[in-house]
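# Working through the structure, step by step
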Amino acid sequence: MSNKTNLVARYSASERINHWLVAITFVMLAFSGLALFHPAFFFLTNLFGGGSWTRILHPFIGVVMFVSFLGLIAKFIGQNHITKADLEWQKHLGDIMANKAKNLPEIGKYNIGQKYLFWSLVVIIPLLMLSGFIIWRPYFALYFPVDIIRVAVLVHAVAAFLAIMTIIVHVYAAIWTKGSIRAMTRGTVTTAWARHHHPAWYKEISRENKL
Ligand code: HEM
């Protein structure tokens with residue numbers, strides 16, 4: 001619990017550092033990757049010290065993001081299991097978006113949209129790492145036949161596209177749901193936010209902390 005009475009703790013400092021390390025490296029990877037992908041984005045190499053440096057740095061930043069993302073998985077997997085209540089909640093998405101929903105199952109720490117985001121990334125990020133590893137010259141690519149490298153290049157591009165789209169939705173949802181960003185910056189949310197968006201989670205932490 002936070003020491004201010006109308007705030008509740010949602011993320012520890014280590015969870016926030018872990019999340020922002022993933023977020024910063026992700027943006028760096030998206031920019032450097034796009035710069036290598038198409039000449040229209042080549043100007044982005046200026047951010048990394050030119051073309052050669054962009055090419056050298058991109059895979060190493062990828063390793064940092066992958067390892068940090070494993071940390072996020074370990075920290076958040078416990079609260080991302082999809083339950084029957086989530087599926088019931090999903091059926092009423094139209095009413096929820098229109099703010100007209102009544103008598104819905106109560107949401108825990110994450111709603112089903114957040115859980116889909118989590119599981120999509122759990123598939124996409126390792127795919128990016130694996131395909132990136134196969135095409136990483138001069139270190140690893142020479143151990144793979146050229147046909148495997150060709151498939152890996154395609155998988156890498158498709159997975160990167162999906163990852164960027166997924167994160168655009170994630171950032172949009174974080175901004176759209178007022179009061180969420182502070183969860184990842186200051187670590188706390190208001191009790192009103194917790195009760196409104198994640199009532200089952202609020203009840204759970206209230207019980208634990210005898211609020
Ligand atoms: C780039 C800007 C980003 C912003 C502004 C942002 C913002 C946020 C916020 C506010 C939350 C807390 C949501 C809540 O507690 O209800 C969150 C959670 C989370 N973020 Fe981000 N994020 C960003 C990038 C990323 C990236 C790049 C990844 C992974 C590749 C990521 C993965 C996650 C995960 C896994 C959670 C926990 C939600 C869950 O487990 O279902 N975020 N983010």
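The structure contained in this document is the topic of the report that follows. (Residues numbered from 1 in each chain as written. Predicted model: local features only at pLDDT ≥ 70, side-chain atom pairs only at ≥ 80, totals over all residues. Heavy atoms only, no water.)

### A look at the overall build of the protein
Rule in force here: Here a strand is any run of E in DSSP of at least two residues, a helix any run of H or I of at least four, and the numbering for each starts at the N terminus. Partly exposed residues are those whose accessible area sits between 20% and 50% of the maximum for their type, while under 20% is buried and over 50% is exposed, using a 1.4 Å probe and protein chains only. The contact criterion used throughout is that any non-hydrogen atoms of two residues lie within 4.5 Å. Positive charges are assigned to Lys and Arg, negative charges to Asp and Glu, while His and the chain termini are left out of the count. Charge positions come from single atoms, namely NZ of Lys, CZ of Arg, CG of Asp or CD of Glu.
Secondary structure summary: the protein contains 9 helices and 2 strands in total. When its helices and strands are written in sequence order, the protein yields β-α-α-α-α-α-α-α-β-α-α. For the protein, the spread of C-alpha atoms along the principal axes amounts to about 60 × 35 × 30 Å. Split into buried and exposed, the 211 residues of the protein put 36% on the buried side. Taking all contacts inside the protein whose residues are at least 6 apart in sequence as the whole, residues at least 24 apart take part in 68%. Computed over 20 positive and 8 negative side-chain charges, the inter-centroid distance for the protein is 8 Å.

### Topic: the coordination of the iron atom of the ligand
The test is simple: Counted as donors are the N, O and S atoms within 2.8 Å of the metal, or 3.2 Å for Na, K and Ca, while water is not among the atoms, so some sites may look incomplete. Square planar and octahedral sites, with four and six donors, are those where opposite donors lie more than 155 degrees apart and all other angles lie between 65 and 115, tetrahedral sites have four donors with every angle between 85 and 135 degrees, and the rest are irregular.
Listed as protein donors to the iron atom of the ligand are His19 (NE2) and His170 (NE2); their distances from the metal cover 2.0 Å. Note that the iron atom of the ligand binds 6 donor atoms; their angles at the metal cover 87 to 179°, and the shape is octahedral. On the criterion of sequence distance, the pair formed by histidine 19 in helix 1 (residues 13-37) and histidine 170 in helix 6 (residues 146-176) is long-range, its members being 151 residues apart.

### Here we look at the packing of helix 3 (residues 84-91) against helix 5 (residues 112-134)
Relative orientation and spacing of two packed helices are given, respectively, by the angle between their axes and the distance between those axes. Selection criterion: Here, axes are lines fitted to C-alpha atoms. For helices the fit covers the stretch in contact, and angles between N-to-C directions go from 0 to 180 degrees. Between 65 and 115 degrees an angle is taken as roughly perpendicular, under 35 as roughly parallel, over 145 as roughly antiparallel, and anywhere else as oblique.
Between helix 3 and helix 5, the least distance of the axes is 9 Å, while the angle of their chain directions is 115°. When the axes of helix 3 and helix 5 are compared, the pair comes out roughly perpendicular. Of the residues in helix 5, those in contact with Asp86, Leu87, Trp89 and Gln90 of helix 3 are Ile112, Lys115 and Tyr116.

### Comments concerning the site of the ligand
Heads up, the rule is: By convention in these notes, a residue is near a molecule or strand provided one of its non-hydrogen atoms lies within 4 Å of it. For this analysis, a polar contact is any N or O atom pair within 3.5 Å, provided that within protein one partner can donate a hydrogen and the other can accept it, and provided that sequence-adjacent residues contribute only side-chain to side-chain pairs. All residues other than Ala, Val, Leu, Ile, Met, Phe, Trp, Tyr, Cys, Pro, Asp, Glu, Lys and Arg, Gly among them, are scored as polar; the first ten of these are nonpolar and the last four charged.
Taken together, 22 residues are adjacent to the ligand, and Arg10, Tyr11, His19, Gln114 and His170 come closest. Taking asparagine 80, its side chain carries an N or O atom lying 2.9 Å from an oxygen atom of the ligand. The separation between a nitrogen atom of the ligand and a polar side-chain atom of histidine 170 is 2.8 Å. Elements supplying a minimum of two residues to the shell around the ligand: helix 1, helix 2 (51-76), helix 5, helix 6 and helix 7 (181-185). Per-element tally for the shell around the ligand: the top contributor is helix 1, with 5 residues. Of the residues contributing to the shell around the ligand, the split by class is 16 nonpolar, 5 polar and 1 charged.

### Points about a nonpolar patch on the surface
Here is the rule we go by: Candidate patch residues must exceed 30% relative accessible area and have no salt bridge, after which like charges are joined if within 9 Å and Val, Leu, Ile, Met, Phe, Trp or Tyr side chains if within 5 Å. Here the accessible surface of atoms and residues is derived via Shrake-Rupley with a 1.4 Å probe, and residues count as covered only by protein chains that are part of the display. What counts as a salt bridge is simple: a side-chain nitrogen of Lys or Arg found within 4 Å of a carboxyl oxygen of Asp or Glu.
Taken together, the side chains of Leu154, Val158, Phe161, Leu162, Met165 and Ile168 make up a nonpolar region of the molecular surface, amounting to roughly 580 Å² of accessible area. By relative accessible area, which is 57% here, leucine 154 ends up exposed.

### Topic: helix 5
Heads up, the rule is: Working rule for helices: expected span equals 1.5 Å times residues minus one.
Look at helix 5: 33 Å from first C-alpha to last across 23 residues, which is about the 33 Å you get at 1.5 Å a residue. Where helix 5 is concerned, the buried positions are Ile112, Lys115, Leu117, Phe118, Leu121, Ile124, Ile125, Leu128, Met129, Ser131, Gly132 and Ile134. Packed against the buried residues of helix 5 are helix 2, helix 3 and helix 6. For helix 5, the N-terminal cap is asparagine 111; the gap from its side-chain oxygen to the backbone nitrogen of glycine 113 is 3.0 Å.

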